[in-house]
Amino acid sequence: MHPVTVQYGYVNHAFPCGTLCLDFVGTLRARRNAAPLEKLATPGLLDDWFVESGMVDLAPGASGADVVIAVQLREAIYDLVAARLDERPLPTEAVAEVNLHASGLPVTLRLGPDGVMRTGSVAQGLATLAREAVRLLGGDEAALLRECARPECTQVYLDRSRGHRREWCAMKTCGNRVKAANYRARRQAAQS
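This one's a predicted model, so the numbers in the text were calculated from it and none came from an experiment.

Parameters and conventions
- Each chain carries its own residue numbering, running from 1 in the direction its sequence is written.
- Note on the predicted model: pLDDT of at least 70 is required for a residue's local features to be given, and 80 or more for side-chain atom pairs to be given and counted; whole-chain, interface and lining totals, by contrast, use all residues.
- Water and hydrogen atoms were dropped before computing side-chain values, which therefore reflect all heavy atoms in the structure.
- Strands qualify as paired when DSSP identifies two bridges or more between them.
- Elements are defined by DSSP. Helices are runs of H or I of four residues or more, strands are runs of E of two residues or more, and each kind is numbered from the N terminus.
- Put simply, two rings from Phe, Tyr or Trp (the six-membered ring, in Trp's case) pair if the centres are within 6.5 Å, and we call them stacked under 30 degrees between planes, edge-to-face over 60, tilted for the rest.
- Under the scheme applied here, a residue whose accessible area is under 20% of the maximum for its type counts as buried, over 50% as exposed, and between as partly exposed, the area being computed with a 1.4 Å probe on protein chains only.
- Ring-over charges, as used throughout, are those where CZ of Arg or NZ of Lys falls within 6 Å of the ring centre and within 35 degrees of the ring normal.
- Salt bridges, as used here, are contacts in which a Lys or Arg side-chain nitrogen is within 4 Å of a carboxyl oxygen on Asp or Glu.
- Distance and chemistry together define a polar contact, namely a pair of N or O atoms within 3.5 Å, with one atom able to donate a hydrogen and the other to accept it when in protein, and with adjacent residues in sequence counting only for side-chain atoms on both sides.
- Should any heavy atoms of two residues lie within 4.5 Å, those residues are counted as being in contact.
- Whenever a helix is involved, its axis is fitted only over the stretch in contact; in every case the axis is a line through C-alpha atoms, and angles between N-to-C directions fall within 0 to 180 degrees.
- Each angle gets one of four labels, with under 35 degrees taken as roughly parallel, over 145 as roughly antiparallel, 65 to 115 as roughly perpendicular, and the rest as oblique.
- Less than a right angle of anticlockwise turn of the near helix away from the far helix marks a crossing as left-handed, whereas a clockwise turn marks it as right-handed.
- Classes in brief: Ala, Val, Leu, Ile, Met, Phe, Trp, Tyr, Cys and Pro nonpolar; Asp, Glu, Lys and Arg charged; the others, Gly included, polar.

**Q** I keep staring at the pairing of strand β3 (residues 108-112) and nothing clicks. Help me out?
**A** Along a regular strand, successive side chains alternate from one face of the sheet to the other. Where β3 lies against strand β4 (residues 115-119), five bridges are found, and the strand directions are antiparallel. Following the sheet pairing, T108 is matched in β4 by T119. From the end of β3 to the start of β4, which pair antiparallel, there are two residues.

So this is what it looks like as structure tokens:
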């Protein structure tokens, strides 16, 4: 079995949203299904997410407790995103959770011999994500939030497309699946 690294192309996570805090929310896949897929189930998967996202260069060494805290932050961000999508007031508990993390120290950037080095603990990574969520949800870009139109997908993204008509979190995955299913349905209907 190959190690999970960005260097060799073996990755556990996807980053279709264009912002890390929304990609982080997407680590619970198909969240409305009876059995959603948890992509942060272990400390190793959380470490992989931080490295694969490019937030840090070296795995921060997550623990089981870190996974619990990360999932709590992820769900708080999702609750805030869902409220923005539904044009509801922001849930007080979720605001408090995100603000608590946003007040922490972010990932550290240093100049090294090969350029920028990004280092930090899990708490610093979560603080960085929370700060991005605060900027996104409290700013003008919150109006660009959309949920993927594929019914099985619950990925949220920013629609920065011209005309703001983007329907899928990623054309390579969800867009192609929906278009292929529609094509098959049209062919089957034509043959009937």
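**Q** Quick question: what am I supposed to make of the packing of aromatic side chains here?
**A** Aromatic ring pairs are reported here in terms of the distance separating the ring centres and the angle at which the planes meet. The full count for this structure, using the stated rule, is three aromatic pairs. Centre to centre, the rings of F15 and W49 are 5.6 Å apart; their planes meet at 50°, and the pair counts as tilted. Of this pair, F15 sits in the segment before α1 (20-25) while W49 sits in helix α2 (residues 43-52), and the two are 34 residues apart along the sequence. Residue classification places W49 among the buried positions, given a relative accessible area of 0%. Summarising the aromatic geometry, the rings of W49 and F50 are spaced 5.7 Å apart at their centres and angled 80° between planes, so their arrangement reads as edge-to-face. In terms of burial, W49 and F50 fall into one category: buried. Taken together, F15, F24, W49 and F50 form an aromatic cluster joined through their ring pairs. Here R31 stacks its cationic end above the ring of Y78, 3.7 Å away from the centre of that ring.

**Q** Looking at this structure, I do not really get the pattern of salt bridges. What am I missing?
**A** A side chain of one charge can pair with a side chain of the opposite charge when the charged atoms of the two come close. For the coordinates displayed, the defined rule picks out six salt bridges. A salt bridge links E75 to R31; the nearest nitrogen and oxygen atoms lie 2.7 Å apart. Linking E75 in helix α3 (residues 64-85) with R31 in the loop between β1 (28-29) and β2 (37-38), this pair joins segments that are 44 residues apart in sequence. Classification of R31 as buried rests on a relative accessible area of 14%.

**Q** Just checking my understanding: could you explain the side chain of S53 for this structure?
**A** As for its position among the elements, S53 is in the loop between α2 and α3. The exposure class of S53 is buried, given its relative accessible area of 15%. At 2.9 Å, the side chain of S53 and the backbone oxygen of F50 are in polar contact. Ignoring any residue separated from it by four or fewer positions in sequence, one finds S53 in contact with F15 and L20.

**Q** Please clarify how the packing of α2 against helix α5 (residues 122-138) should be interpreted in this entry.
**A** When two helices pack together, their arrangement is given by the angle between the helix axes and the distance between those axes. Interaxial distance between α2 and α5 falls to 11 Å at its minimum, and their mutual angle equals 55°. The pairing of α2 with α5 is recorded here as oblique in orientation. Where α2 crosses over α5, the handedness of that crossing is left-handed. Residue-level inspection shows L46, W49 and F50 of α2 in contact with α5, the latter providing V122, G125, L126 and L129. Its residues placed into classes, the contact of α2 with α5 shows six nonpolar, one polar and no charged.

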